[in-house]
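Structural overview for review
As a plain string of letters, each chain reads:
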Amino acid sequence: MPDENEFEGEYQGGTVKRFLYVNRRAPHGTIYPHETLEMVLIAAAFDQDVTVVFLDDGVYQIKKDQDTKGIGIKNFTPAFRALDDYDVEKLYVEKESLEARGLTAEDLLVPVEVVSTEELREIMAEQDVVLGG
Amino acid sequence: MPYDYNGAVVEADEEGYIQDISLWTRELAELIARGENIEMTGDHWEVVNFLRDYYEEYQIAPAVRILTKAIKKTMGPEKGNSKYLYELFPYGPAKQACKIAGLPKPTGCI
Amino acid sequence: MASRMLHTVNKSPFERNSLNSCLRLARKGSAVLLIEDGVYAAVAGTSVAERVSERMAELSFYVLGPDVAARGLGGAPLIEGFRVVDYDGFVDLVAEHDATQAWL
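Described in the following lines is the structure provided in the data block. (Residues numbered from 1 in each chain as written. Chains lettered and ligands numbered in written order. Predicted model: local features only at pLDDT ≥ 70, side-chain atom pairs only at ≥ 80, totals over all residues. Heavy atoms only, no water.)

**Concerning the pairing of strand β3 (residues 90-94) of chain A**
All names here are of chain A. Worth spelling out the cut-off: Between buried and exposed lies partly exposed: a residue is buried under 20% and exposed over 50% of the maximum accessible area for its type, with that area taken using a 1.4 Å probe on protein chains only. Every helix listed is a DSSP run of H or I at least four residues long, and every strand listed is a run of E at least two residues long, numbered separately from the N terminus. Being paired, for any two strands, means DSSP has found at least two bridges between them. By the criterion used throughout, a crossover qualifies as right-handed when its path from the first strand across the helix to the second strand runs clockwise, the strands pointing away from the viewer.
Here β3 lies mainly inside the structure; four of its five residues are buried. Judged from the three bridges that link them, β3 and strand β4 (residues 113-115) form a sheet pairing that is parallel. Note that in β4 the partner of tyrosine 92 across the bridge is glutamate 113. For the crossover from β3 across helix α2 (residues 95-100) to β4, the handedness is right-handed.

Okay, here's the thing in structure tokens:
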């Protein structure tokens, strides 16, 4: 049986890099969060080692129960729940950012690891490529 | 490249993906499939319906590897494999089936 | 003279200082309407809530409901004294006031 990666120009072999995507913006005020999520899914579809971090207003991107029907724009945030299918499992949220906004991990729509600023500094230092959004 | 059917015109991009997902119907899907030289069977519909459900749930069209894995999880390995899916959709199960399902081009397909 | 002013704030209070400037400069008796990413400032229990509460007695605070729901905050407790309005309520507020100042 042919390997499924042989089709549709999917990535085959080559170097796997550690990509870190840093989300710092609220979900609906700008286009950056949606675009960054697309980049995450593309990197994951190419079998890269992907880590996603949410800090500052970025933690609002994964707030549960977002309903954009009333403001006439597409709600892209359910796609965060597909990250597991894409084997993106390293999701980190900065504890200080959550607390400043009165949120806890319970308020988030995906399972994440809540880390301190110090821990986040180390996670960021381990990466090959860091992309902001 | 718009589709003409039932006297209405449904706008599509140059690759044939419809622009407004809310205009999708089963009849339109049959028309798009004919353009891809695919005769829709129950097996084809099963995949197209799966993709539509996936989109409803996650708001994205999955890349082929993800689609295969997700189908394997819900329908079992005899359907969740490349060979089966490529027999149904020879030019790529994600690309062709998404087009027929009225979804955008899969995320992660260049 | 625009004696009755409606102030709108559409930026997150954690990212910009628009809300701070608005709270500092809005005259007693004015109304403040939070919209778009500005609605994050209406939620109780955040690090900016106290700054808003401090002016609750002097200013009338409103928040746009559809923007609250879009951000997943429909079930979140708001700071006491906030009134939620819809788009029609937004239009009414503009009509009821002499002028609108947008803090962008």
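**Let's talk about the pattern of salt bridges**
Pairing of side chains with opposite charge becomes possible as their charged atoms draw close. Keep this limit in mind: The term salt bridge refers to a pairing of a side-chain nitrogen on Lys or Arg with a carboxyl oxygen on Asp or Glu at a separation within 4 Å.
A full pass over the atoms with the stated rule returns 19 salt bridges over all chains. A salt bridge links glutamate 57 of chain B to arginine 81 of chain A; the shortest N-O distance between them is 2.9 Å. Of this pair, glutamate 57 of chain B sits in helix α2 (residues 42-58) while arginine 81 of chain A sits in the loop between β2 (49-54) and β3, which puts the two residues in different chains. Residues participating in the shared-partner salt-bridge network are Asp47 and Asp87 of chain A together with Arg65 and Lys69 of chain B.

**A look at the sheet that holds β3 of chain A**
Note on sheets: strands pair through backbone hydrogen bonds, and any given pair is parallel or antiparallel. Residues and elements named next belong to chain A. What counts, and what does not: Axis definition: a line fitted to C-alpha atoms, limited for helices to the stretch in contact. Angles are taken between N-to-C directions and run from 0 to 180 degrees. Residue contacts are counted whenever heavy atoms from the two residues lie within 4.5 Å of one another.
Ordered by their spatial adjacency, five strands build an open sheet running β4-β3-β2-β1-β5, and the pairing between neighbours is parallel. Strands with a single pairing partner mark the edges of an open sheet, and in this sheet they are β4 and β5 (129-132). Shown here is a sheet whose adjacent strand axes are inclined to one another by a mean of 25°, direction ignored. Alignment of strand β1 (residues 18-23) against β5, held across four bridges, turns out to be parallel. Paired with valine 22 across the bridge in β5 is glycine 132. Those strands touched by helix α1 (residues 32-45) are β1, β2 and β5, and its axis lies near 165° from that of β1.

**Side note on the interface of chain A and chain C**
Selection rule: Put simply, buried area is how much 1.4 Å-probe accessible surface two parts lose in total, over both of them, once they are put together. N or O atoms within 3.5 Å of each other form a polar contact, as long as, within protein, one can give a hydrogen and the other can take it, and as long as residues adjacent in sequence are counted only when both atoms are side-chain atoms. Note on residue classes: Ala, Val, Leu, Ile, Met, Phe, Trp, Tyr, Cys and Pro are nonpolar, Asp, Glu, Lys and Arg are charged, and everything else, Gly too, is polar.
Across the boundary between the two partners, chain A contributes 19 residues, which contact 16 residues of chain C. Taking both partners together, chain A and chain C bury about 1,300 Å²; carbon and sulfur atoms supply 52% of that area. At the junction of chain A and chain C, the tally comes to seven residue pairs in polar contact (both at pLDDT 80 or more). Looking at the side of chain A that touches chain C, its residues break down into five nonpolar, six polar and eight charged.

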